[in-house]
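# Overview (structure and organization)
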Amino acid sequence: MTKSKRLFFSWPHILLTALLLVIIGVIVWLFSSSHPQNDVYENTSLAMGTYVQQTIYGNNVDQAAEDAAQAVSDLEDRISWRKEDSDVAKINANAGKDWITIDSQTAGLLEQCLDVARQSGGAFDPTILPLSSLWDFGGENQHLPEDQEIQRFLPYVDYENLRVDTENDSASLKNSMYALDLGAAGKGAACDAVVASYEASGVSCGIVAVGGSVGTYGQKPDRSDWTIAIRNPFQNLSEESNVSMGTLSLSGGFVSTSGMYEKYFEEGGKLYHHILDPKTGYPVENGLASVTVVCDQGALSDMLSTACFVLGAEESQDLLAHYHAQAVFIYQDKRVFITEGLRSRVSITAEGYTLLDSLS
Ligand code: ADP
Ligand code: MG
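Note that the coordinates shown come from a computational prediction; the quantities given were computed from them, not determined experimentally. (Residues numbered from 1 in each chain as written. Chains lettered and ligands numbered in written order. Predicted model: local features only at pLDDT ≥ 70, side-chain atom pairs only at ≥ 80, totals over all residues. Heavy atoms only, no water.)

### A word on the coordination of the magnesium ion (ligand 2)
Put simply, the rule reads: Note on donors: an N, O or S atom is included if it sits within 2.8 Å of the metal, or within 3.2 Å for Na, K and Ca, and water is never included, so sites can look incomplete. By the criteria applied, helices consist of DSSP H or I runs no shorter than four residues and strands consist of E runs no shorter than two, each listed in order from the N terminus. The classification of residues rests on relative accessible area computed with a 1.4 Å probe and restricted to protein chains. Under 20% of the type maximum is buried, over 50% is exposed, and intermediate values are partly exposed.
With distances of 2.1 to 2.7 Å, the protein atoms coordinating the magnesium ion (ligand 2) are A184 (O), D302 (O), D302 (OD) and T306 (OG1). Counting gaps between the donor residues of the magnesium ion (ligand 2) yields the pattern A-x117-D-x3-T. Taken together, the positions of A184 in the loop between β5 (170-173) and α8 (186-201) and T306 in helix α9 (residues 298-311) put the pair 122 residues apart, joining distant regions of the chain. Note on T306: relative accessible area 13%, which makes it buried.

What follows is the structure, encoded as structure tokens:
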């Protein structure tokens, strides 16, 4: 007894206890500094055939990231034509037959698709599936179709065939040959879903990238702007190593880019990319390499980036003004046109680009 008592108060013992307390203190400090109130948390997951990259600030950020990733998967389950039980697959399977009851968010998205299709004169057309599945960009069967096949399916791309009833949350395609493909809207819609999820989680702020679409929520803790890289459209297509050609500095909003580099193949020395002109059935060839659109909604920015790519810079100006959107057009010869409201917010960091003052 006396021996153990002596041991307990011995100097080595006191030193050891002090050392232990210091170690515990350091561990607690390390742990709390990795989860403080306004910590930045990064998370990457996979959905919609691409990466979902989140950066969130605030409390319970790991749970918030998990909830947001789930919101993207749920959206994909509703709008992917490839998922058997999705709203879109059911509408496609019942084309020419019945109205289908769908989730109210799907109905809202389809309504927005119709609006952009109308405003863009069909440059963006959600009924592109007969053509997009024929080309199958990025799929196992991607190939240059016979012109005769393209001409056969071309009449079955027409957004006027889609009917949406947002009061009763239902939709239908009038004729059986028509089918929906929301590939040009899905990633932007995913950014909307993530931002709504952040709001529900109560995080302070965050930024998410789903493939070529980006969504921001709130303001950064230090009140500085969000910095978003503008993809170098030539990186995939050539030997260029720069991933980005510049940056966009924004206080908020959503950004989507459509580029010829995203999905393409070469045949007979010619490049065929995945943005199709619904009027010809062929990939758009108007000298553009990419279009980046900034506006206040994710799905809208995604639809507009596709529509503006199809229309070309001049023809896009009224459409952009209608939706209070801004854009960066990058041509294949590296000329760049930036709409006025965005000029002070773009910084071109790569070499070889020429900034255009006007479109004339
Ligand atoms: P990404 O898929 O890289 O985000 P887009 O947003 O431009 O690029 O979407 C391109 C996809 O949208 C294509 O893979 C195809 O599924 C579909 N698509 C192609 N052309 C059009 C078009 N004119 N209108 C609507 N959807 C289109
Ligand atoms: Mg798009």
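### Quick look at helix α3 (residues 61-79)
Inclusion rule: Multiplying 1.5 Å by the helix residue count minus one yields the expected span of that helix.
Along its 19 residues, α3 runs 27 Å from first to last C-alpha, staying within 8% of the 27 Å computed at 1.5 Å per residue. Three or more residues of α3 are buried, namely V61, A64, A65, A68, A69, A71, V72, L75, E76, R78 and I79.

### Remarks on the sheet that holds β5
Formally: In this description, strands pair whenever DSSP reports at least two bridges between them. Contacts were defined at the residue level, with two residues in contact if any of their heavy atoms lie within 4.5 Å. The angle between two axes is taken between their N-to-C directions and runs from 0 to 180 degrees, where each axis is a line fitted to C-alpha atoms and a helix contributes only its stretch in contact.
Spatially, the three strands line up as an open sheet ordered β3-β5-β4, and their pairing is antiparallel. Of all strands in the sheet, those bounded by a partner on one side alone are β3 (100-101) and β4 (162-165). In this structure, β3 lies alongside β5, joined through two bridges in antiparallel fashion. Paired with I100 across the bridge in β5 is A171. Sheet strands touched by helix α5 (residues 104-119): β4 and β5. Its angle to β4, the strand with the most contacts, is close to 135 degrees.

### A few points about the site of ligand 1
For clarity, the threshold we go by: To be near a molecule or strand, a residue needs just one of its heavy atoms within 4 Å of it. Distance and chemistry together define a polar contact, namely a pair of N or O atoms within 3.5 Å, with one atom able to donate a hydrogen and the other to accept it when in protein, and with adjacent residues in sequence counting only for side-chain atoms on both sides. Only the protein chains shown count as cover for residues, and all accessible areas are computed by the Shrake-Rupley method using a 1.4 Å probe. All amino acids are sorted into three groups, where Ala, Val, Leu, Ile, Met, Phe, Trp, Tyr, Cys and Pro are nonpolar, Asp, Glu, Lys and Arg are charged, and the leftover types, Gly among them, are polar.
The immediate surroundings of ligand 1 are formed by 17 residues, with A123, D181, S258, L276 and T306 found nearest. Here a nitrogen atom of ligand 1 sits 2.9 Å away from a polar atom, N or O, in the main chain of A123. Here D125 contributes a backbone N or O atom positioned 3.0 Å from a nitrogen atom of ligand 1. A total of 560 Å² of accessible area belongs to ligand 1 in isolation, and the protein chains cover 96% of it. In terms of residue count, α9 provides more of the shell around ligand 1 than any other element does, three residues in total. Of the residues in the shell around ligand 1, the class split is eight nonpolar, four polar and five charged.

### Some thoughts on the confidence of the model for the chain
Any segment with low pLDDT has predicted coordinates that should not be analysed in fine detail. Let me state the cut-off plainly: pLDDT is a residue-level measure of predictor confidence that goes from 0 to 100.
Averaged over all residues, the pLDDT of the chain is 92; the fraction at 70 or higher stands at 92%. Contacts for the low-pLDDT stretch residues 1-7, under 50 throughout, to residues beyond four places or in other chains number one contact. Low pLDDT (under 50) marks residues 32-36, which in the prediction has three contacts with non-local residues, meaning those over four places away or in another chain.

### A word on unusual backbone geometry
Backbone geometry at N60 places phi at a positive 50 degrees, although glycine is not the residue there. Tracing the backbone shows N60 in the loop between β2 (50-58) and α3. A positive phi angle is found at R223, which is not glycine, with a value near 65 degrees. By the secondary structure assignment, R223 is in the loop between β7 (213-217) and β8 (226-231). Residue R223 is classed as exposed on the basis of its relative accessible area, which comes to 61%.

### Looking at the sheet that holds strand β9 (residues 244-250)
Strand order in the open sheet formed by three strands is β8-β9-β16, with antiparallel pairing between adjacent strands. Sheet topology places β8 and β16 (346-348) at the edges, where each strand pairs with a single neighbour. Direction aside, the axes of adjacent strands within the sheet are offset by 25 degrees on average. Inspection of the sheet shows β9 paired to β16 by three bridges, in the antiparallel sense. Bridging across to β16, L248 finds its partner in V346.

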